[in-house]
Amino acid sequence: MAKLYFRYGAMGSSKTANAIMVQYNYRERGQNALLLKPRLDSRDGEKVVGSRSGLCAPCEFIENLDRIDLNLYDCLIVDEAQFLTKAQVEQLVDVVDRRGIPVICYGLRADFQGNLFEGSHWLLAWADTIEEIKTVCWCGRKATCNARVAGGKVVKDGEQIVLGGNESYVALCRKHWKSGELAPEEIRRIAAGKREYLPLLLDADPSEAMIDRYLDAGDMYVLFAHGRAVAEAVVTRREDGCELKNIATEKDARGKGYATRLLMHLFRLLAAEYERIYVGTCEDLLPFYEKLGFEYAYTAPHFFRDNYPGVTFAEGALDDMTYLVRPLR
Ligand SMILES: [Zn+2]
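Quantities reported herein were computed from a predicted structural model and do not represent experimental measurements. (Residues numbered from 1 in each chain as written. Predicted model: local features only at pLDDT ≥ 70, side-chain atom pairs only at ≥ 80, totals over all residues.)

A word on the overall build of the protein
- Counting secondary structure elements, the protein contains 9 helices and 18 strands.
- Across its three principal directions, the C-alpha atoms of the protein cover 70 × 45 × 40 Å.
- Burial analysis of the protein (329 residues in total) assigns 32% to the buried set.
- At a minimum sequence separation of 6, the contacts of the protein that also span at least 24 residues come to 71%. (Helix = DSSP H or I, 4+ residues; strand = E, 2+ residues; numbered from the N terminus. Buried ≥ 20, exposed ≤ 12 C-beta atoms within 10 Å, placed from the backbone. Contact = placed C-beta atoms within 7 Å.)

Set out below in structure tokens:
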């Protein structure tokens with residue numbers, strides 16, 4: 001018997017990644033599974049579902065369901081199912097009951113104010129199987145609530161759905177969702193949406209063209225203090241190790257050791273993969289890096305003059321780049 005499944009979880013519980021994996025599993029067994037999402041969610045552009053982990057896959061809009069030949073499919077997988085309307089959930093119930101095609105819906109249970117979404121309401125009411133996808137709060141408890149964060153603060157007022165806003169969402173346990181307490185300090189790897197941090201990146205590297213050369217391929221880490229991004233670092237792979245390409249701290253958050261703590265965390269993390277880390281720097285920053293265990297490696301003559309024509313740095317006119325290296329193991 002085909003079933004209607006509702007798999008719910010808080011923000012960041014890998015729902016989209018799960019949805020993509022289920023489709024992949026169907027394919028491996030020589031079957032077709034159709035990925036769908038409600039059109040309302042236009043975050044990932046046209047007809048694509050994308051997860052925070054960076055995985056993405058093409059999809060169809062649920063609004064076009066009537067025009068799709070369902071005879072071709074062995075399963076329907078719906079992402080962002082919280083945004084479904086009651087009528088769309090009814091339509092999915094019919095797909096299960098009349099056509100015998102299983103439908104697996106992934107979505108949030110409740111919004112940032114703790115109210116059920118319309119889609120989740122009807123899926124909780126009608127699904128044959130309801131499963132929770134778990135994730136954790138910064139305190140280690142199970143995260144069941146979604147907090148809307150704007151300007152580093154948990155926001156409790158506003159519309160249920162904001163498209164194209166500057167808000168972000170974070171999963172919290174109920175206690176911390178109620179109190180609005182965000183992690184005092186938390187380091188996250190950023191896979192999608194790296195360019196959101198461009199102002200901070202430009203602080204360390206004034207050339208957007210240069211940043212573009214390493215941002216996509218680089219691993220980006222951001223240190224959040226009480227929900228606010230205060231420091232970032234970008235690391236790229238090179239033949240003989242890795243290289244710290246960009247590190248910056250927000251102007252009003254300097255002198256608190258954020259960059260140092262972010263780097264100390266990264267050294268441990270990167271040691272699993274690399275033997276050493278390089279950094280190219282100017283003279284002014286040598287003491288900062290030496291304190292962190294870096295030593296002189298080599299000089300790239302005229303690097304600044306060649307790669308940053310016409311750019312004036314805070315440190316004055318720069319020419320040669322000094323490369324430093326630090327063992328990771
Ligand atoms: Zn908590």
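Examining the sheet that holds strand 8 (residues 129-132)
- Spatially, 5-2-6-7-1-8 is the arrangement adopted by the 6 strands of the open sheet, whose pairing is parallel. Both outer strands of the open sheet, strand 5 (60-61) and strand 8, are each paired with one neighbouring strand and no more.
- Where strand 1 (residues 4-8) meets strand 7 (residues 103-107), 5 bridges bridge the pair, whose relative direction is parallel. Each residue of the ladder has a partner; that of Arg-7, found in strand 7, is Tyr-106.
- Sheet strands touched by helix 3 (residues 118-126): strand 1, strand 7 and strand 8. Its angle to strand 1, the strand with the most contacts, is close to 125°. (Pairing = 2+ DSSP bridges. Axes fitted to C-alpha atoms, helices over the stretch in contact; angles between N-to-C directions.)

Things to note about unusual backbone geometry
- Positive phi values are uncommon outside glycine, yet Ser-14 reaches one of about 65°.
- Structurally, the position occupied by Ser-14 is in the loop between strand 1 and helix 1 (15-28).
- Taking the C-beta count within 10 Å as the criterion, Ser-14 has 18 such neighbours and is therefore assigned partly exposed.
- A positive phi angle is found at His-226, which is not glycine, with a value near 50°.

A short note on the domain arrangement of the protein
- Domains assigned within the protein are domain 1 (4-133) and domain 2 (186-327).
- In this structure, domain 1 and domain 2 have C-alpha centres spaced 39 Å apart. (Domains from an automatic or database assignment.)

Quick look at the nonpolar core
- Counting residues in hydrophobic clusters, the biggest one holds 46 residues, and the most contacted among them are Leu-36, Ile-77, Val-78, Val-103, Cys-105, Ala-147 and Leu-172.
- Sequence-distant contacts of Cys-105, that is, excluding residues within four places in its chain, are made with Tyr-5, Phe-6, Arg-7, Val-78, Ala-81 and Leu-123.
- Listed in part, the 30 residues of the second largest apolar core include Leu-215, Ala-231, Ile-247 and Ala-259. (Core = buried A, V, L, I, M, F, W, Y, C linked by C-beta atoms within 7 Å.)

Some remarks on the pairing of strand 9 (residues 145-150)
- Burial of strand 9 is extensive: 5 of the 6 residues sit out of reach of the surface.
- In this sheet, strand 11 (residues 168-172) lies alongside strand 9 in antiparallel orientation, the contact comprising 5 bridges. Counted as the bridge partner of Arg-148 is Tyr-169 from strand 11.
- As defined by bridge partners, strand 9 adjoins strand 10 (residues 153-155) across 3 bridges and the pair is classed as antiparallel. Opposite Val-149, over in strand 10, you have Val-154 as the bridge partner.
- If you look at the hairpin formed by strand 9 and strand 10, you'll find 2 residues sitting between the two strands, and Gly-151 has a positive phi there, around 60°.

Here we look at the sheet that holds strand 10
- Pairing in this open sheet of 3 strands is antiparallel, and the strands run 10-9-11 from one edge to the other. The open sheet terminates on both sides in strands that have one partner only, identified here as strand 10 and strand 11. Along the sheet, successive strands turn relative to each other by an average axial angle of 50°, direction set aside.

Things to note about the packing of helix 2 (residues 86-99) against helix 3
- At a closest axis distance of 8 Å, the pairing of helix 2 and helix 3 adopts a crossing angle of 35°. Between helix 2 and helix 3 the crossing geometry is right-handed. For the pair formed by helix 2 and helix 3, the contact residues are Lys-86, Val-89 and Val-93 on the first element and Glu-118, Gly-119, Trp-122, Leu-123 and Trp-126 on the second.
- The residue makeup of the contact of helix 2 with helix 3, split by class, is 5 nonpolar, 1 polar and 2 charged. (Left-handed = near helix turned anticlockwise from the far one by under 90°. Nonpolar A, V, L, I, M, F, W, Y, C, P; charged D, E, K, R; others polar.)

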